[in-house]
Amino acid sequence: MMGVVGKELHGSCSRPRLLPLQHGCLLEVASHDVLKMDTNNVRKPRQKLSKTEKKLQQKQVKARNTLLRHEGIETVSSPTKSLVIANGGLGNGVSRRQLISVVEECGSVEALLMPPKKPYSFVRYGLLEDCRRAYAALNGKEITLEDSRQSVVLYVNFVGKVPWEVTAPTALPPGLRVIEDVVSPEEEKQLLESIEWTEDEVIPNAQKSLKHRRVKHFGYEFRYDNNNVDRDRPLPGGLPELCNGLLAKWLKLGYIKEKPDQLTINQYEPGQGIPPHIDTHSAFEDEIISLSLGSEIVMDFKHPDGQAAAAMLPQRSLLVMSGESRYLWTHGITPRKFDIVQASEGWKAGPVSADIGDLTLNKRGKRTSFTFRKVRRSPCNCAYPSVCDSQGKDTVPSFPVSDSEASKLEEKFVHEVYEEIAGHFSNTRHSPWPRVVEFLRGLPCGAVVADVGCGNGKYLGVSKELYMERRMASLCELVRLLRPGGRALIYVWALEQEYNKQRSKYLKEKRASRSRMEETNGDPDESGCQQLVHPSDSTRQEAHPMLPVHTNRTSFDSQDLLVPWHLKDGTKKKAELTKLHQRPSNSANSCEPSPVFHRYYHVFCEGELEQVCKSLDGIKVVESYHDQGNWCIVLEKQ
């Protein structure tokens, strides 16, 4: 989970509002006059200051005001053991190693927090006198950035609280593996030397000078105009012999499942990257593998739901993507000259956490990637039709052919699922819908109301004059419950999540506040954004082979599908940093992934529910409407 934590350096907490900070220095807000303050915080009458002192004081106040205005960071006038250092952050290009050497000159440092992409940091000293000394020494101090001729000027202020968003440890996408040291340094050298970038050739190796990197193709040319390959025009020579030997070894070791027949070599200079993308489903088979040579890199992955993960790919490591990570997640490399990495982990393979007490900068080197793929000879039939170019938008799922098969499907993907997720599901159902409240308040005194389906009784308190009981029933059973003149309100999930040029909350809140992520899982009667914790395959309920698995917070591509539910423990846990130097106890390596269950849904198209209801005897449709991604009917028994 992620929450805004107001971390009291002496123990208490607050929740200030955080706003994004523009790139650049922290010196953009107009200043105001202040009294001069010495390091003992003793206010004195105004004294005549030199021009240098006035300028320094003004810039210090500007930094203070900018931190408050853009970041919600409130400084204090009384000396504390902690300082906020403006212009001394990862966003300015200041590394942890460089900054720690600067702040340690003033005394013993207990902790140094460096938020990612921010131009400021927090430092805590063991002694108050050391922090006072740093306050006096670091204000206006100019430092030259490592590996650069640029310099920055530091401005510091005392702080009593350190507000920051604390995230739960991230996991790599399902089906993604990073295997270290798959080639030796000698083999790496041979591979790099075998590439003849200077050759002026179009055939046979289809070299192209692309805008952001140098590229070579072997086996088949990858066409960037249609993101596919021409299966009928293989390139002469096939894959390099040196690569064939490595592939055979990786097959024997179990790193890969089948031998590729297409190779793309990319060379990246520091600062270059590749946009987020998914390798075309119809072009290549399930497994995509990439060998990193020359330098390590941080690769970014993103799920359609908004969940993101960053992975460190060490030099001479092999990235293997299959299943969900290959078909559903985008992967790309952000164009920049420095990556934000974990200082304690170095270049170890795996996810890069957001622990601000352990982040630093790593300068990129020249990296060459060997990406191997196997050309697909038949249409893709993956479980992700919403992003599959082979299946398109008109894929029809397979239905049970008998009552027995239908009962088994319902038992496994409805009854068993809700038995497992009932507690968590109920905890996410707490906000009554206005149109439902309007219906209930329109009922006569003493009316008996049945909350039928997957309700958890959240409408029980709407009216004290109504008696509630909960029943699971079909439409016929619901009608049987009604007395003559009795009314029923029915909500079903709509295929049309965008109706009359209005997007439903389900689609609108795809990028909802991450602080609410663990509370909901993308259902029709809850407007929050679900927490997507991607577990390993062993924690996922096996999907039905003939039903597509829906991607939460996206439009529906089929009327019959499986919708994932990411089960949480039902308890909201907010990470609270009681001591500035402590790291979160649940690190990425010890994170227990959440199980995922697939719920069967039939989503109704326009007019479908109304047609079904009109087929019932003794029933009149009083009202039919679309409400936030749901088709709704009000029935009255004659």
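Right above here is the structure, for reference.
Here the structure is a predicted model, which means the values were calculated and not measured. By convention here, each chain's residues receive numbers from 1 onward along its written sequence. At least 70 in pLDDT is required for a residue's local features to be given in this predicted model, at least 80 for side-chain atom pairs to be given and counted, and no such filter applies to totals for whole chains, interfaces and linings, which use all residues. Based on all heavy atoms of the structure, the side-chain values leave hydrogens and waters out of the count.

Caption draft 1: Seen up close, the overall build of the chain. Numbering of helices and strands runs from the N terminus, with a helix taken as a DSSP run of H or I at least four residues long and a strand as a DSSP run of E at least two residues long. Along the chain, the regular secondary structure elements total 11 helices and 35 strands. The contact rule is simple, with two residues in contact once any of their heavy atoms fall within 4.5 Å. Looking at the chain alone, contacts between residues at least 24 apart form 73% of all its contacts between residues at least 6 apart. Shrake-Rupley sampling with a 1.4 Å probe provides the accessible areas, and residues are treated as covered by the protein chains on show and by no other component. Accessible area of the chain: about 31400 Å², with a carbon and sulfur share of 49%.

Caption draft 2: A look at the sheet that holds strand S19 (residues 297-302). In this analysis, strands are considered paired if DSSP registers two or more bridges between them. Spatial strand order, S17-S22-S19-S20-S24: 5 strands in an open sheet with antiparallel pairing. Since the sheet does not close on itself, it has two edges, and those belong to strand S17 (274-277) and strand S24 (350-351), each with one partner. Bridging between strand S20 (residues 308-313) and S24 involves 2 bridges; their strand directions are antiparallel. Directly across from Ala 311, in S24, lies its bridge partner Pro 351.

Caption draft 3: Looking closely at helix H8 (residues 434-441). Every buried residue of H8 is listed here: Val 436, Val 437, Phe 439 and Leu 440. Projected down its long axis, H8 shows its buried positions confined to an angular sector of 160°, all on one face. Exposed positions of H8 whose direction lies more than 90 degrees from the buried face are Pro 434, Glu 438 and Arg 441. Here the buried face of H8 lies against strand S27 (448-450), strand S29 (487-493) and strand S35 (630-637). The buried label goes to any residue with under 20% of its type's maximum accessible area, the exposed label to any with over 50%, and the partly exposed label to all in between, with areas taken from a 1.4 Å probe on protein chains only. Working definition: the arc comes from the directions between the helix axis and the C-beta atoms, pointing outward to the latter.

Caption draft 4: Spotlight on the pairing of S19. For S19 and S20, the ladder comprises 6 bridges, and the chain directions are antiparallel. When the bridges of S20 are listed, Asp 300 appears paired with Ala 310. Here S19 folds back onto S20, and the loop between the two strands holds 5 residues, one of which, Gly 306, carries a positive phi near 105°.

Caption draft 5: Seen up close, a negative patch on the surface. For patch building, the residue pool is restricted to those with more than 30% relative accessible area and no salt bridge; the joining distance is 9 Å between like charges and 5 Å between nonpolar side chains (Val, Leu, Ile, Met, Phe, Trp, Tyr). Within this document, salt bridges are pairs made up of a side-chain nitrogen of Lys or Arg and a carboxyl oxygen of Asp or Glu, the two lying within 4 Å of each other. The charged-residue count follows a simple rule in which Lys and Arg add positive charge and Asp and Glu add negative charge, with His and chain termini not counted at all. The atom standing in for a charge is NZ when the residue is Lys, CZ when it is Arg, CG when it is Asp and CD when it is Glu. Residues Glu 410, Glu 411, Glu 416, Glu 419 and Glu 420 make up a contiguous surface patch of negative charge. Of note, Glu 419 is situated in helix H7 (residues 403-427).

Caption draft 6: Spatial organisation of the pattern of salt bridges. For the structure shown, the criterion picks out 18 salt bridges. Linking Arg 376 and Glu 285 is a salt bridge whose minimum nitrogen-to-oxygen distance equals 3.3 Å. One end of the pair, Arg 376, is in the loop between strand S26 (367-375) and H7; the other, Glu 285, is in strand S18 (residues 284-293), with 91 residues separating them in the sequence. Accessibility expressed as a relative area gives 5% for Arg 376, which makes it buried. The salt bridge partner of Arg 364 is Asp 339, with a shortest N-O separation of 2.9 Å. With a gap of 25 residues between them, Arg 364 in the loop between strand S25 (359-363) and S26 and Asp 339 in strand S23 (residues 338-342) connect regions that are remote in the sequence. When its relative accessible area of 2% is taken as the criterion, Asp 339 is described as buried. Three or more residues joined by partner-sharing salt bridges are found here, namely Arg 336, Asp 339 and Arg 364.

Caption draft 7: Region of interest: the packing of helix H4 (residues 185-193) against helix H5 (residues 241-253). Only the stretch in contact is used when a helix axis is fitted, and all axes are lines through C-alpha atoms; the angle between N-to-C directions ranges over 0 to 180 degrees. Here H4 crosses H5 at 140°, and the two axes come no closer than 10 Å. With respect to their mutual orientation, H4 and H5 come out oblique. For the pair H4 and H5, the contacting residues are Glu 187, Gln 190 and Leu 191 in the first and Leu 242, Cys 243, Leu 246 and Lys 249 in the second. Residues were grouped as follows: Ala, Val, Leu, Ile, Met, Phe, Trp, Tyr, Cys and Pro as nonpolar; Asp, Glu, Lys and Arg as charged; and all remaining residues, including Gly, as polar. Class assignment of the residues belonging to the contact of H4 with H5 gives a composition of 4 nonpolar, 1 polar and 2 charged. Should an angle fall under 35 degrees it is called roughly parallel, over 145 degrees roughly antiparallel, and 65 to 115 degrees roughly perpendicular, with every other angle called oblique.

Caption draft 8: Broad picture of unusual backbone geometry. The phi torsion at Lys 117 lies on the positive side, around 65°, for a residue other than glycine. In this fold, Lys 117 is placed in the loop between strand S5 (109-113) and strand S6 (120-125). On the basis of relative accessible area, Lys 117 is assigned to the exposed category, the value being 61%. A positive phi angle, near 50°, is found at Gln 628, a position not held by glycine. When you line up the elements, Gln 628 lands in the loop between strand S34 (619-627) and S35.

Caption draft 9: Just the sheet that holds S35, in detail. Strand order in this open sheet of 3 strands is S29-S35-S34, and the pairing throughout is antiparallel. Each edge of the open sheet carries a strand with a single partner, namely S29 and S34. Looking at each pair of strands side by side, their axes are set apart by 20° on average, direction ignored. The pairing of S29 with S35 spans 7 bridges and is antiparallel. Directly across from Ile 490, in S35, lies its bridge partner Ile 633. Strands in contact with H8 are S29, S34 and S35; relative to S29, the strand with the most contacts, it is inclined by about 170°.

Caption draft 10: Region of interest: the packing of aromatic side chains. Stacked, edge-to-face and tilted labels apply to pairs of Phe, Tyr and Trp rings (six-membered ring for Trp) whose centres lie within 6.5 Å, assigned for plane angles under 30 degrees, over 60, and everything in between, in that order. Evaluated as defined, the whole model comprises 10 aromatic pairs. Three or more aromatic residues joined by ring pairs make a cluster, and in this case those are Phe 222, Tyr 224 and Phe 284. The rule is short: NZ of Lys or CZ of Arg within 6 Å of the ring centre and within 35 degrees of the ring normal puts a charge over the ring. Above the plane of the ring of Phe 222 lies Arg 373, whose end atom (NZ or CZ) is 5.2 Å from the centre. The ring centre of Tyr 625 lies 3.8 Å from the NZ or CZ of Arg 435, which sits over that ring.

Caption draft 11: Looking closely at the environment of Asp 557. With respect to the helices, strands and loops of the structure, Asp 557 is situated in the loop between helix H10 (505-508) and strand S32 (560-566). Separated by 62 residues in sequence, Asp 557 and Leu 495 have C-alpha atoms that sit 8.2 Å apart.

Caption draft 12: Highlighting the nonpolar core. Within the largest apolar cluster, 28 residues are counted, with the highest numbers of intra-cluster contacts made by Phe 284, Phe 301, Leu 313 and Leu 319. Those elements that place two or more of their residues in this core are strand S11 (176-179), S18, S19, S20 and strand S21 (318-321). Only buried residues count toward a nonpolar core. Its members are Ala, Val, Leu, Ile, Met, Phe, Trp, Tyr and Cys residues joined through side-chain atoms within 4.5 Å. Leu 99, Met 114, Leu 138 and Ile 143 belong to the second-largest nonpolar core, a separate cluster that totals 26 residues.

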